[in-house]
Amino acid sequence: MKSCAIVILNFNGEEMLKTFLPSVCKHSTYDVWVIDNASTDGSIDFLDENYPQIQQIKLSENFGYAGGYNEGLAYLKGQYDYYILLNSDVEVSASWDSVLIAWMEGHPAYAALQPKILSWAARDTFDYAGAGGGFLDAYGYPYCRGRIWDNIEKDLGHYNDAIDVDWASGACMVVHATVFHELTGFDSDFFAHMEEIDLCWRMRTSGWKIGYNGSVEVYHLGGATLDRASPKKMYLNIRNSLSMIYKNETSFRFFRIFLVKSLLEHLAALSFVSQEKKEFSKAILNAYRDFRLKKNSIDKFHPELDGREVVKRQGNVTLVFWNWKVLGKKRYNQL
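Treat the numbers as computed from the prediction; the structure is a model and nothing was measured.

Draft legend 1. Molecular detail of the overall build of the protein. Within the protein, the secondary structure is distributed over 10 helices and 13 strands. Compactness check: the protein gives a C-alpha radius of gyration of 19 Å against a globular reference of 20 Å for 335 residues, within 12% of the reference. When its C-alpha atoms are laid out on the principal axes, the protein stretches across 50 × 40 × 40 Å. Considering only contacts within the protein whose residues lie at least 6 apart along the sequence, 76% involve residues at least 24 apart. Accessible area for the protein stands at about 14,600 Å²; split by element, carbon and sulfur atoms hold 52% of it. A gap of 8 Å separates the mean positions of the 36 positive and 41 negative side-chain charges of the protein.

Draft legend 2. Spatial organisation of the packing of helix H7 (residues 231–248) against helix H8 (residues 251–274). In the contact formed by H7 and H8, the axes pass within 10 Å of each other and the chain directions differ by 170 degrees. With respect to H8, the element H7 is oriented roughly antiparallel. Of the residues in H8, those touching H7 at Met234, Ile238, Ser241, Leu242, Ile245 and Tyr246 are Phe254, Ile257, Phe258, Lys261, Glu265 and Phe272.

Draft legend 3. How the structure looks around a nonpolar patch on the surface. Nonpolar side chains collect at one region of the surface, where Leu263, Leu267 and Leu270 lie side by side and expose about 320 Å² of accessible area between them. As for its placement among the helices and strands, Leu263 is situated in helix H8. Note on Leu263: relative accessible area 53%, which makes it exposed.

Draft legend 4. Here's a closer look at the state of the cysteines. By the definition in use, this model includes 0 disulfides. A disulfide-free cysteine, Cys25 has its sulfur positioned 14 Å from the sulfur of Cys4, the nearest such atom. Residue Cys25 is classed as partly exposed on the basis of its relative accessible area, which comes to 29%.

Draft legend 5. Structural context of the pairing of strand S12 (residues 172–176). Here S12 lies mainly inside the structure; 5 of its 5 residues are buried. Of the two faces of S12, the one carrying Cys172, Val174 and His176 and the one carrying Met173 and Val175 are both buried. In the sheet, strand S4 (residues 80–86) pairs with S12 via 5 bridges, with the strands oriented antiparallel. When the sheet's bridge partners are listed, Ile84 is paired in S12 with Val174. The pairing of strand S6 (residues 110–119) with S12 spans 2 bridges and is classified as antiparallel. Bridge assignment links Ala112 to a residue of S12, and that residue is Val175.

Draft legend 6. Broad picture of the side chain of Ser281. Here Ser281 lies in helix H9 (residues 278–294). Among the residues examined, Ser281 registers a relative accessible area of 7% and is labelled buried. Among the polar contacts made by the side chain of Ser281, one reaches the main-chain carbonyl oxygen of Ala269 at a distance of 3.2 Å. If near-sequence neighbours (up to four positions away) are discounted, Ser281 is found in contact with Ala269, Phe272 and Val273.

Draft legend 7. Seen up close, the pairing of strand S2 (residues 31–36). Along S2, 5 of the 6 residues are buried, which leaves the element largely enclosed by surrounding structure. Once you follow strand S1 (residues 2–10) into helix H1 (residues 14–27) and on to S2, the crossover reads as right-handed. Note: S2 against strand S3 (residues 55–58), 4 bridges, orientation parallel. Looking across to S3, one finds that Val34 is bridged to Gln56.

Draft legend 8. Structural detail: the nonpolar core. Membership of the largest hydrophobic core comes to 73 residues, with the highest contact counts inside it found for Val7, Tyr69, Leu76, Tyr83, Leu85 and Met203. The leading source of residues in this core is H7, at 7 residues. The residues touching Val7, leaving out its near neighbours within four places in the chain, are Trp33, Ile35, Tyr69, Leu73, Leu76, Ile84, Leu85 and Leu86. Of all hydrophobic cores here, the second largest spans 31 residues; its members include Ile6, Leu47, Tyr82 and Val90.

Draft legend 9. Looking closely at unusual backbone geometry. Phi angles above zero are rare outside glycine, and Trp149 is one such case at about 55 degrees. Residue placement: Trp149 occurs in the loop between strand S9 (147–148) and strand S10 (151–152). With a phi angle near 60 degrees, Glu276 is a residue other than glycine that sits in the positive phi range. Along the chain, Glu276 turns up in the loop between H8 and H9.

Draft legend 10. How the structure looks around the pattern of salt bridges. Tallied over the entire structure, the rule returns 16 salt bridges. A salt bridge links Glu265 to Lys261; the shortest N-O distance between them is 3.1 Å. In this pair, Glu265 and Lys261 both sit in helix H8, 4 residues apart, roughly one turn of the helix. You can call Lys261 buried: its relative accessible area is 1%. Taken together, the shared-partner salt bridges connect Asp187, Asp198, Arg202 and Lys247 into one network.

Draft legend 11. Here's a closer look at the side chain of Ser43. Looking at the secondary structure, you find Ser43 in helix H2 (residues 43–50). There is a polar contact of 3.2 Å between the side chain of Ser43 and the side chain of Asn10. Within the local environment of Ser43, its side chain forms a polar contact with the backbone nitrogen of Glu14, the two atoms lying 3.3 Å apart. If near-sequence neighbours (up to four positions away) are discounted, Ser43 is found in contact with Asn10, Asn12, Gly13, Glu14, Leu17 and Asp36.

Rules of the game
Residues numbered from 1 in each chain as written. Predicted model: local features only at pLDDT ≥ 70, side-chain atom pairs only at ≥ 80, totals over all residues. Heavy atoms only, no water. Helix = DSSP H or I, 4+ residues; strand = E, 2+ residues; numbered from the N terminus. Rg over C-alpha atoms; globule rule 2.2 N^0.38 Å. Contact = heavy atoms within 4.5 Å. Areas by Shrake-Rupley, 256 points an atom, 1.4 Å probe, with all protein chains shown as cover. Lys, Arg positive; Asp, Glu negative; His and termini not counted. Charge placed at Lys NZ, Arg CZ, Asp CG, Glu CD. Axes fitted to C-alpha atoms, helices over the stretch in contact; angles between N-to-C directions. Parallel < 35°, antiparallel > 145°, perpendicular 65-115°, else oblique. Patch = residues over 30% accessible without salt bridge, like charges linked within 9 Å, V, L, I, M, F, W, Y side chains within 5 Å. Salt bridge = Lys/Arg side-chain N within 4 Å of Asp/Glu carboxyl O. Buried < 20%, exposed > 50% of the residue type's maximum accessible area, 1.4 Å probe, protein only. Disulfide = S-S within 2.5 Å. Pairing = 2+ DSSP bridges. Polar contact = N/O pair within 3.5 Å; in protein donor to acceptor, adjacent residues only side chain to side chain. Right-handed = clockwise from strand over helix to strand, strands pointing away. Core = buried A, V, L, I, M, F, W, Y, C linked by side-chain atoms within 4.5 Å.

Structure representation (structure tokens):
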């Protein structure tokens, strides 16, 4: 088996590949693969003509982020010890992959790892997706060092450390290949968004740790597939968050969390109506409707969690929204 494969998922991302592949090829040590989600633009022709050294896995349809990686990585199963899952809109830095893999090899208790993720457009600022390490509050809302809700910090070198986190960002994450396949990878029903947090939660429940290494920097454009402010992204985030919490929490804790989330998010739906943003209100209502429709078909991960202590979170915040919106705490060090 080889040590590592860098695996980029692509869907109609010819322009992203043109912009970001040069840094990946310049700075990477390991094999580079592209999984293509049945693109209809010139992505494949561009790769064939300009990057014949990059190996391709061509899928028959667009399976989304979660299903695309599951389908593509099935072809690589048994060939590599680690995968680095890298968005097509990420610029990497010198020695990035070798440092991450060396860290993983030196820390065998970890199933996943992310680097420091900065904004490609504003390189002294953290990126929304992952920033300086991801955490969950007690109600399943994600937040990061360097990003609380939508408030994003400047990078002052204060998150250059290596720590344990609750989740690693799918924009750039190392995963232990055997663990990924043993846990059946991402939940394909998610299609996109929250799937890496769900996977990391299942990893932690299975006894593995999730790490962050701030000595490695990558730069993420973000919004290449769905803009952060889109109703579709809001729908996926809320629907998938409900599924994730239902799968990974005890029945009693899910009921308590659901009551709080439902109240907050339905109040948000009313607020969007008053702002004449009915498409966002509809996204929230549809997310709850679709979760209820499929709830009985969702397999709880480790159902024996009922009656047993739940795996401890690294994050110590009860409700990040309350801290951000009501208490005005906009930075991680204020929490």
